[in-house]
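Read off the chains here:
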Amino acid sequence: MAKKQLPSDPLSSFEAPQCFDSNPNDLRLFLEDICCDLCRFEESSRPGVDAEHVRIDREVQLGREGFADVRVQAGTDPPYFLEVKYNYPAASLPGHLARKYGPARQGSKVILVYDTAAHTEWAQIEEKIRQSISMPLEVWDEARVIEQIDRRMGVKIDSISASNLVELRHEIDRAKGYLAFGGSSKKDYQNDPQRASL
């Protein structure tokens, strides 16, 4: 099974591709990058957890069942998994996730990032997923991701779409740079490639 080509570090600078409409995988990879940032912010904000003790791995092999999009582990806590499945066929999700996270898989939870509002039958699909995996399911829909971006990074957006992802990546890089290096204000902070790579 071919692995996706990803940045070597989830927190490194990531230039958004311009062809989201023609390749839905580009959108998923972009969201993976953002969600890795959100998970690191979330875990490192917990009492007693430092950012250097938060391990985030992408494209983690799960034996013959395939690859987990993201595996997150803070210190010695049990790991959890994150799957970004924007534009993935809803009816295929229960079987797809069951193969990865069936009875033999251990972890604290599975986070599913999905455009639930686009599917009128989502409640039934979600219930099937919960019944088919071995650990609790946490769903991050568009509203949840937007709320987390605002809360963790102070970046306000109205939607996640192909038309605003380049701007969103720029704003997130600026917010991360300001949090890391400081400055007179986040609005005036100017990111640069050297700082973005640190």
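Model, not experiment: these values are computed from the prediction.

What counts, and where the lines are drawn
- Residues numbered from 1 in each chain as written.
- Predicted model: local features only at pLDDT ≥ 70, side-chain atom pairs only at ≥ 80, totals over all residues.
- Heavy atoms only, no water.
- Phe/Tyr/Trp six-rings, centres within 6.5 Å; stacked < 30°, edge-to-face > 60°.
- Lys NZ or Arg CZ within 6 Å of the ring centre and 35° of its normal.
- Buried < 20%, exposed > 50% of the residue type's maximum accessible area, 1.4 Å probe, protein only.
- Helix = DSSP H or I, 4+ residues; strand = E, 2+ residues; numbered from the N terminus.
- Pairing = 2+ DSSP bridges.
- Core = buried A, V, L, I, M, F, W, Y, C linked by side-chain atoms within 4.5 Å.
- Contact = heavy atoms within 4.5 Å.
- Arc of directions from axis to C-beta.
- Axes fitted to C-alpha atoms, helices over the stretch in contact; angles between N-to-C directions.
- Disulfide = S-S within 2.5 Å.

S.K.: I keep staring at the packing of aromatic side chains and nothing clicks. Help me out?
M.R.: Taken as a whole and assessed by the stated rule, the structure comprises two aromatic pairs. When the ring centre of Tyr 80 is taken as origin, the NZ or CZ atom of Lys 109, which lies over that ring, is 4.8 Å away.

S.K.: Even after reading the chapter, I still don't get the pairing of strand β2 (residues 67–74), so can you show me in this structure?
M.R.: Regular strands have side chains that alternate between both faces of the sheet. Of all eight residues that make up β2, seven are buried, and the element is covered over most of its length. Two strands pair when backbone bridges link them, and strand β1 (residues 54–61) and β2 are joined in this way by seven bridges, in the antiparallel orientation. Bridge pairing in β2 places Arg 55 opposite Gln 73. Once β1 ends, the chain turns through five residues before running back antiparallel as β2, passing Gly 63 with a positive phi of about 70°. In terms of strand pairing, β2 meets strand β3 (residues 80–84) through three bridges, oriented antiparallel.

S.K.: What exactly am I supposed to notice about the nonpolar core here?
M.R.: Side chains of nonpolar character tend, in soluble globular proteins, to be buried together. Ranked by internal contacts, the top residues of the largest apolar core, which has 31 residues, are Leu 82, Val 113, Trp 140, Ile 149, Ile 160 and Leu 168. Of all the elements, helix α1 (residues 24–44) adds the most residues to this core, at eight residues. The residues touching Val 113, leaving out its near neighbours within four places in the chain, are Cys 35, Leu 82, Glu 83, Val 84, Lys 85, Tyr 86, Trp 140 and Val 145. Judged by nonpolar contacts, the second largest core, of 19 residues, contains Val 60, Ala 90, Ile 129 and Val 139.

S.K.: Would you take a moment to explain helix α2 (residues 93–101) for this structure?
M.R.: Each α-helix winds once per 3.6 residues, and so residues spaced three or four apart point in a common direction. For α2, every residue scored as buried is listed here: Leu 93, Pro 94, His 96, Leu 97, Lys 100 and Tyr 101. End-on, the buried residues of α2 take up no more than an arc of 165°, which puts them together on one face.

S.K.: What am I meant to see in the sheet that holds β1 here?
M.R.: Pairing between the strands of a sheet comes from backbone hydrogen bonds, and it takes one of two forms, parallel or antiparallel. Taken in spatial order, the five strands line up as β1-β2-β3-β4-β5 in an open sheet, and their pairing is mixed. The open sheet has two free edges, formed respectively by β1 and β5 (137–140), since each of these has just one partner strand. On average, each strand axis in the sheet is inclined to that of its neighbour by 25°, with strand direction left out of account. Pairing analysis gives four bridges linking β3 to strand β4 (residues 110–113), with the strands arranged parallel. From the neighbouring strand, Phe 81 faces β4, where its bridge partner is Val 110. Each of β4 and β5 is contacted by helix α3 (residues 122–132), which is oriented at about 145° to β5, the strand it contacts most.

S.K.: Any chance you could explain the state of the cysteines here in plain terms?
M.R.: Enumeration over the complete set of coordinates arrives at zero disulfides. Left without a disulfide partner, Cys 36 is nearest to the cysteine sulfur of Cys 39, which lies 6.6 Å away. In this structure Cys 39 is not part of a disulfide, and its nearest cysteine sulfur, from Cys 35, lies 6.5 Å away.

The quantities given are spatial measurements derived from coordinates; they are silent on function.
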